[in-house]
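Each chain, letter by letter, is given below.
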Amino acid sequence: MPFVNISGENEVSLKIPGRSGAGREQRAAPAWQQRPESMSPTVWRAAKVLSRLGNPMVLAVPCFFAVSCKATPRWRDRMRWWVLSCGLITMVPLIHIRWGVRTGRISDHDVSVREERFWPYMLQIATVGFTYALLRAFGAPRLVIGLVESVSTAMVAITGVTLYWKMSMHVAGAAGTVTVLTLVYGKRALPLVALVPAVAWSRNILDHHTPAQALAGAALGSAAPLIVFRQMGLLND
């Protein structure tokens, strides 16, 4: 996997092996802002597409739908739990981030600057908490409740970490999605595992995260649903 060395939140350098400083490419703009000359347009565009598709708010839509379909046999109920479970969780952060970018409070739609991530994450936690209360009040299936609790567990952990370190939310979301669908659908979901390294590669090559930040996100994203589903007894359902 082609990783680059990251020297700061918004400034990166790609080092070419050599004995001296000669032959090294130095660039001030990260790859998510500007394509490096050493990177082909095809690779850069592919990484951008994978990064956008790997956005947790994008992955949540099919993931919550798949879980809702497994949780209940009636299509009317499936649609109801799908909309209630992921509607606010996806739309509220999306609207907040778009507003933040337009008003200059947030640098970009990926919230690439670590110091800007805390309040969007806190809003996400509040939204997940409200969604959880709503689902409990309406008697949602345990699978749907377990999924929302998994998201909440991961969000609380990532928010705490982000005060000091920029863990990859995208990779955590991808790993969490794959883990949940594998727990719910079994071996049929295993091909989706390829999504995790693909998103990790895109986030690294675009200078959003280091390999360690991507790996940490993958570990947390996988662990949260495993812990929650086990505590709720859903692994045996």
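Calculation rules
- Residues numbered from 1 in each chain as written.
- Predicted model: local features only at pLDDT ≥ 70, side-chain atom pairs only at ≥ 80, totals over all residues.
- Heavy atoms only, no water.
- Helix = DSSP H or I, 4+ residues; strand = E, 2+ residues; numbered from the N terminus.
- Contact = heavy atoms within 4.5 Å.
- Areas by Shrake-Rupley, 256 points an atom, 1.4 Å probe, with all protein chains shown as cover.
- Disulfide = S-S within 2.5 Å.
- Buried < 20%, exposed > 50% of the residue type's maximum accessible area, 1.4 Å probe, protein only.
- Phe/Tyr/Trp six-rings, centres within 6.5 Å; stacked < 30°, edge-to-face > 60°.
- Lys NZ or Arg CZ within 6 Å of the ring centre and 35° of its normal.
- Core = buried A, V, L, I, M, F, W, Y, C linked by side-chain atoms within 4.5 Å.
- Expected span 1.5 Å × (residues − 1).
- Polar contact = N/O pair within 3.5 Å; in protein donor to acceptor, adjacent residues only side chain to side chain.

What about the overall build of the protein chain?
Moving on, step 1. Counting its regular elements, the protein chain contains eight helices and two strands.
Moving on, step 2. For the protein chain, the N- to C-terminal ordering of α and β elements is β-β-α-α-α-α-α-α-α-α.
Moving on, step 3. Contacts spanning at least 24 positions in sequence make up 69% of the contacts within the protein chain whose residues lie at least 6 apart.
Moving on, step 4. When the accessible surface of the protein chain is totalled, it reaches about 12200 Å², and 63% of it is carbon and sulfur.

Remarks on the state of the cysteines
Moving on, step 1. Applying the stated criterion to the full structure yields zero disulfides.
Moving on, step 2. The closest cysteine sulfur to the non-disulfide-bonded Cys 86 is located on Cys 63, 9.4 Å from its own sulfur.
Moving on, step 3. On the basis of relative accessible area, Cys 86 is assigned to the buried category, the value being 6%.

Observations regarding the environment of Ser 68
Moving on, step 1. Checked against the element boundaries, Ser 68 lands in helix α2 (residues 56–71).
Moving on, step 2. In contact with Ser 68, not counting residues within four places along its chain, are Arg 78, Trp 81, Trp 82, Ser 85 and Val 144.

A short note on the packing of aromatic side chains
Moving on, step 1. The tally for this structure, following the rule as stated, stands at three aromatic pairs.
Moving on, step 2. Ring centres of Phe 65 and Trp 82 lie 4.9 Å apart, and the angle between their planes is 65 degrees; this geometry places the pair in the edge-to-face category. Placement of Phe 65 in helix α2 and of Trp 82 in helix α3 (residues 75–103) is noted, with a sequence separation of 17 residues between them.
Moving on, step 3. Assessed through its relative accessible area of 26%, Phe 65 is described here as partly exposed.
Moving on, step 4. Each member of the aromatic cluster is reached from another via a ring pair, and the members are Phe 65, Trp 75 and Trp 82.
Moving on, step 5. A cation sits over an aromatic face here: Arg 78 above Trp 75, 4.7 Å from the ring centre.

Topic: unusual backbone geometry
Moving on, step 1. Positioned with a positive phi, Val 111 is a non-glycine residue whose angle comes to about 50 degrees.
Moving on, step 2. Here Asp 207, not a glycine, exhibits a phi torsion of approximately 70 degrees, which is positive.
Moving on, step 3. Following the sequence through the fold, Asp 207 ends up in the loop between α7 (195–205) and α8 (211–231).

Side note on the nonpolar core
Moving on, step 1. In terms of nonpolar packing, the biggest core is built from 24 residues, with Phe 64, Val 67, Leu 135, Val 180 and Phe 229 touching the most fellow members.
Moving on, step 2. Mapped onto this core, the elements with two or more residues apiece are α2, α3, α4 (118–137), α5 (142–162), α6 (169–185) and α8.
Moving on, step 3. If you look at the next biggest cluster of nonpolar residues, it comprises ten residues, including Val 178, Val 196, Val 199 and Ala 218.

Digging into the environment of Leu 53
Moving on, step 1. Inspection of the secondary structure assignment puts Leu 53 in helix α1 (residues 41–53).
Moving on, step 2. Overall, the relative accessible area of 49% leaves Leu 53 in the partly exposed class.
Moving on, step 3. In sequence terms Leu 53 and Ala 174 are 121 residues apart; their C-alpha atoms lie 9.6 Å from each other.
Moving on, step 4. In contact with Leu 53, other than residues within four places in its own chain, are Val 58 and Leu 59.

Points about α6
The periodicity of an α-helix, 3.6 residues per turn, causes residues three or four positions apart to be oriented the same way.
Moving on, step 1. Taking 1.5 Å per residue as the helical rise, α6 with its 17 residues ought to reach 24 Å, and the 24 Å between its terminal C-alpha atoms agrees with that figure.
Moving on, step 2. Burial within α6 is extensive, with 14 of its 17 residues counted as buried.
Moving on, step 3. One side-chain oxygen of the residue at the start of α6 lies 3.1 Å from the amide nitrogen of Val 171, identifying that residue as Ser 168.
Moving on, step 4. The first or second residue beyond α6 is Gly 186, which carries a positive phi of 75 degrees.

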